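Observations on the model geometry
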Amino acid sequence: MAEKDWKPQILGIVCNWCSYAGADLAGSARTQYPPDIRIVRLMCTGRVDPLFILKAFIDGADGVLVSGCHFGDCHYLEGNYKAAKRMFILKSLLKNIGLEDKRLRMTFVSASEGAKWAVVVKDVVDTVTSLGPSPLKEFGQ
Amino acid sequence: MAEKKTKKESAAKKEPKKAAAKAAAPAPAAAPKVTPGKTTAKEARIGVYICHCGTNIAGSIDIPAVQEYAKTLKNVAHVDNYQYMCSTPGQKKIENDIKEHKLTGIVVAACSPRLHEPTFRTATKTGGLNPFRFEMANIREQGSWVHMHDREGGTAKAKDAIRIAVAKASLLEDLIPKAVPVEKAAMVVGAGIAGMQAALDLANAGIKTYLIEKNPTIGGRMSQLDKTFPTLDCSQCILTPKMVDVGRAPNIELMTYAEVEAVEGYIGNFDVTIRKKARGVLTPAEAEAKGIVGGGCNGCGDCDVVCPVIKPNPFEMGMKPRKAIYIYHPQVVPLIYTVDFDSCVKCGLCVDACGDKKAIDLEMKDELIKVKVGTAVIATGYDIFPIEKKDEWGYNKYENVVTSLEFERLICASGPTGGHLVRPSDGKTPMKVAFLLCAGSRDNTGVGKPYCSRFCCMYSLKHAHQIIEKIPGCQPYIFYMDIRSFGKMYEEFYYRIQDEGAKFMRGRVANVLEDPNTKNLLINAEDTLLNRPINLEVDMVVLAAAVEPCESTEKTRKLFGVSKSMDGWLLEAHPKLNPCGTTTAGVFLAGVCQGPKDIPDTVASAEGAASAASIPIHMGEVELEPYFAQCIEEKCAGCGMCVNLCPYSALSLVEKDGRKVMQVTEAKCKGCGTCGGFCPGGAIWMQHFATPQVVAQIDAFLLGGEQ
């Protein structure tokens, strides 16, 4: 595949209450952003099993975005804290296995931050695009 | 069940106890209870429906291409598209096809599930399937609307979204919502005009209502106002009857000088802990309970007379003194004095003055009270933005610059000056008064607030009228950006003030300077209508300061799990169609805590919130979404990690067959899945968001799902 044709495959795992609603708000406001992300909705980022993210990378994802509520704003009190802690550990794990930890991102986008959601997605897409295809991609096949 | 797992599922979880899982016996047939870990038994047959939403989706996504693609997906038995899937014919398609094509799951690719998931779940149910066998692919808010100029990219994304949804729908299972009874009581937090109105409505609807107020009296901001626009009713005259009603309503349990300390539970069953702050004074009822016959505070004020400590009265914006034992103003409800323990020197003079009534207890401690309510209304109101941050207008620097709330007290007959407007510097009557509108509102400098505070234009017009009326010859100057007189009879009021002689200057004031000798103020501005600079000397400046959420709002909203907007106001469930609801079921918003509102809008919003809050109570029962955690006992090692992670104490370890396993108390579980995201053994089955279901979505995205 020619380098310029390559589009990253990015998985977005978002919580129902903040980031999914924020993404919906970006839609209502017709805020445009790159289409290179696919969303899986969970009730809370606390539900994000690190294995989901590893599975995505094994399957060949070029990047994973986990997005929840702001600290102190979690619909379930503290699920986002727990998710953030897991992401820290997971990032160091990714580095240890030789995968750029920038391919995994956790952000906090509230239900009223539609514009921020668009910025976040664009930034993640740009970051992952600059890193190029995941080196794990060929192992997945 | 483990034997039935597809290759993808088993790849998803490295299960440390494969053997144990394989040896699992079939669960007892305790239908309709869901067996954790059990995926769809029979072959999945999914119906996929693609909505055009007029041109909302069809305008930027290639629907025929998406439809052709959906037909190639695994498990898809039927694909259709329609102009408006949410319309009755659209829903009928689903209902009829379920029988005709023997479907086991439904996928609708349309708008956000936050909008139409309930609609299509109902259609799925009407068609004869369990409503939770429905999954939505969001191809509008997160598809066509955000990739309007990228038809190719948007269409590819829509195809993937449908593939992901089909993968999940293939593994969805029957779930039964849990019906829980609703406590026949409500709570209203904040007793300004919004909270009072909401409490009165709830009480009049036959619901026991706890009205919690942090101040010693109810009434809120409205009780500080002199007149109300545009009718020029005296604020206290129209408010005090309501205050009296609240004090007397048999269904309202009023708790002033109290704050919400903790909230547990969920819609229908909120356990609220209230901190009743030590007031130092017993009410007649409390005194009677202590055996002091005919005792308790009757508001006589004998204590006030003897108290030696003098403090500024916050009700009068600090412009009038109060004692360490005080009431805010003569019309307080309840008429009970309060001891300010921060300034009380405990000399005991008040105790002696109170005499046989024995109302004063200087050793009183805070009390924690627990109540159970079905629903709650938050009505915490607003504070004035600290306008001294806008240094250029000289508040707190020059004596004759006041805020509009201070002006209200100065012009009010019951205020510190008996209604005679005077300059704070020398007590003289001002003859030229400038009103600076949008003081901190509509401010994009980062210092003030970006939003319009919505009622400042109108009250400033009222202020101009008041000084023209009270002080013959006094000239009001109004510096404005736009006059927003949007309400009923508001524009007419604006014309009236123009006719009365107020001078309007369009332009934001650059700065205010003081003449140190006269304490007069020099205003530098630009008249943007006449394109010329203004240098005006006035006797007094009134800043129509922006409003911001009350300080206690942040604590209250976190206790009730309510989100906030970017500007700090509490976030409604939907700005247009559910302005009183929140994303926390059973919690509603009334008044300014949701965003700036004038009094008519506040009262309307309070009545709306009260009505919404009364519905679950009158229904008597609510259904909870059945996204509970379930323990797959054969995989559970009994480590107890999840028990500590659960924010709701819904999980516990129990002894079963000689070993410890986790047990879920469904009524406490809110379905966040924090336990399921952590369990090292993969022993937690999060209903509707189970690991195999989520992993199937991830695999479908990245590995494809075409046949």
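Structure shown above.
Predicted model, so just to flag it, every value in this text is computed and none were measured. (Residues numbered from 1 in each chain as written. Chains lettered and ligands numbered in written order. Predicted model: local features only at pLDDT ≥ 70, side-chain atom pairs only at ≥ 80, totals over all residues. Heavy atoms only, no water.)

Let us now look at the packing of helix 2 (residues 50–58) of chain A against helix 19 (residues 691–703) of chain B. At a minimum axis separation of 9 Å, helix 2 of chain A and helix 19 of chain B run at an interaxial angle of 25°. The pairing of helix 2 of chain A with helix 19 of chain B is recorded here as roughly parallel in orientation. Handedness of the crossing formed by helix 2 of chain A with helix 19 of chain B: right-handed. Note on element contacts: helix 19 of chain B touches helix 2 of chain A through Thr691(B), Val694(B), Val695(B), Ile698(B), Asp699(B) and Leu702(B), opposite Phe52(A), Lys55(A) and Ala56(A). For the contact of helix 2 of chain A with helix 19 of chain B, the per-class residue count stands at six nonpolar, one polar and two charged. (Axes fitted to C-alpha atoms, helices over the stretch in contact; angles between N-to-C directions. Helix = DSSP H or I, 4+ residues; strand = E, 2+ residues; numbered from the N terminus. Parallel < 35°, antiparallel > 145°, perpendicular 65-115°, else oblique. Left-handed = near helix turned anticlockwise from the far one by under 90°. Contact = heavy atoms within 4.5 Å. Nonpolar A, V, L, I, M, F, W, Y, C, P; charged D, E, K, R; others polar.)

Residues and elements named next belong to chain B. When the terminal C-alpha atoms of helix 19 are compared, their 17 Å separation across 13 residues agrees well with the 18 Å that a helix rising 1.5 Å per residue should span. Counted residue by residue, helix 19 has 12 buried out of 13 residues, so it is predominantly covered. Along helix 19, the positions that sit buried rather than exposed are Thr691, Pro692, Gln693, Val694, Val695, Ala696, Gln697, Ile698, Asp699, Ala700, Phe701 and Leu702. (Expected span 1.5 Å × (residues − 1). Buried < 20%, exposed > 50% of the residue type's maximum accessible area, 1.4 Å probe, protein only.)

All right, on to the sheet that holds strand 17 (residues 367–373) of chain B then. Residues and elements named next belong to chain B. Spatially, three strands are ordered 11-12-17 in an open sheet, and the strand pairing comes out antiparallel. Looking along the sheet, the strands with just one partner apiece sit at the ends: strand 11 (258–266) and strand 17. Averaged over all pairs of adjacent strands, the angle between strand axes in this sheet comes to 20°, irrespective of strand direction. Two strands pair when backbone bridges link them, and strand 12 (residues 269–276) and strand 17 are joined in this way by seven bridges, in the antiparallel orientation. Of the residues in strand 17, the one forming a bridge with Ile274 is Ile369. (Pairing = 2+ DSSP bridges.)

Residues and elements named next belong to chain B. Residue placement: Asp226 occurs in the loop between strand 7 (208–212) and strand 8 (227–228). On the accessibility criterion, Asp226 (6% relative accessible area) is buried. A polar atom in the side chain of Asp226 sits 2.7 Å from the side chain of Gln466. Beyond its immediate stretch of four places on either side in the chain, Asp226 contacts Asp233, Cys234, Ser235, Glu408, Ile411, Cys412, Ala413 and Gln466. (Polar contact = N/O pair within 3.5 Å; in protein donor to acceptor, adjacent residues only side chain to side chain.)

All names here are of chain A. By secondary structure assignment, the location of Ile39 is in strand 2 (residues 37–42). Classification of Ile39 as buried rests on a relative accessible area of 18%. With 29 residues separating them in the primary sequence, Ile39 and Ile10 have C-alpha atoms 8.8 Å apart.

Okay, helix 8 (residues 193–204) of chain B next. All names here are of chain B. The terminal C-alpha atoms of helix 8 lie 16 Å apart, and with 12 residues this matches the ideal 16 Å at 1.5 Å per residue to within 8%. Among all positions in helix 8, only Ile193, Ala194, Gly195, Met196, Gln197, Ala198, Ala199, Leu200, Leu202 and Ala203 are buried. Here the buried face of helix 8 lies against strand 6 (185–189), strand 7, helix 9 (235–248), strand 10 (252–255), strand 18 (375–378) and helix 17 (599–619). Positive backbone phi, approximately 85°, marks Gly206, located one or two places after helix 8.

What follows deals with the interface of chain A and chain B. With 50 residues of chain A at the interface, the matching set in chain B holds 56 residues. Around 4700 Å² of area is buried between chain A and chain B when both sides are counted, 57% of it from carbon and sulfur atoms. Linking chain A with chain B are 21 residue pairs in polar contact (both at pLDDT 80 or more). Elements with a contribution of two residues or more to the side of chain A that touches chain B: strand 1 (10–15), helix 1 (19–28), strand 2, helix 2 and helix 3 (79–96) of chain A. (Buried area = accessible area lost by both parts, 1.4 Å probe.)

We now examine the packing of aromatic side chains. Counting across every chain of the model gives 17 aromatic pairs over all chains. Ring geometry for Phe71(A) and Phe108(A): centres 4.7 Å apart, planes at 50°, overall tilted. A residue pair is termed long-range when its members are at least 10 positions apart, and Phe71(A) in the loop between strand 3 (63–68) and helix 3 and Phe108(A) in strand 4 (residues 104–108) qualify at 37 residues. Given a relative accessible area of 42%, Phe71(A) falls into the partly exposed group. Aromatic side chains Phe229(B) and Tyr490(B) sit 5.4 Å apart centroid to centroid with 80° between the ring planes, which places their arrangement in the edge-to-face category. Residue Phe229(B) is located in the loop between strand 8 and strand 9 (233–234), and its partner Tyr490(B) is located in helix 15 (residues 490–500); the two are separated by 261 residues in the primary sequence. Accessibility expressed as a relative area gives 3% for Tyr490(B), which makes it buried. Through pairs of rings, three or more aromatic residues link up here, namely Tyr480(B), Tyr494(B), Tyr495(B) and Phe504(B). The lysine or arginine in question, Arg221(B), covers the ring of Tyr382(B), its NZ or CZ lying 5.7 Å from the ring centre. (Phe/Tyr/Trp six-rings, centres within 6.5 Å; stacked < 30°, edge-to-face > 60°. Lys NZ or Arg CZ within 6 Å of the ring centre and 35° of its normal.)

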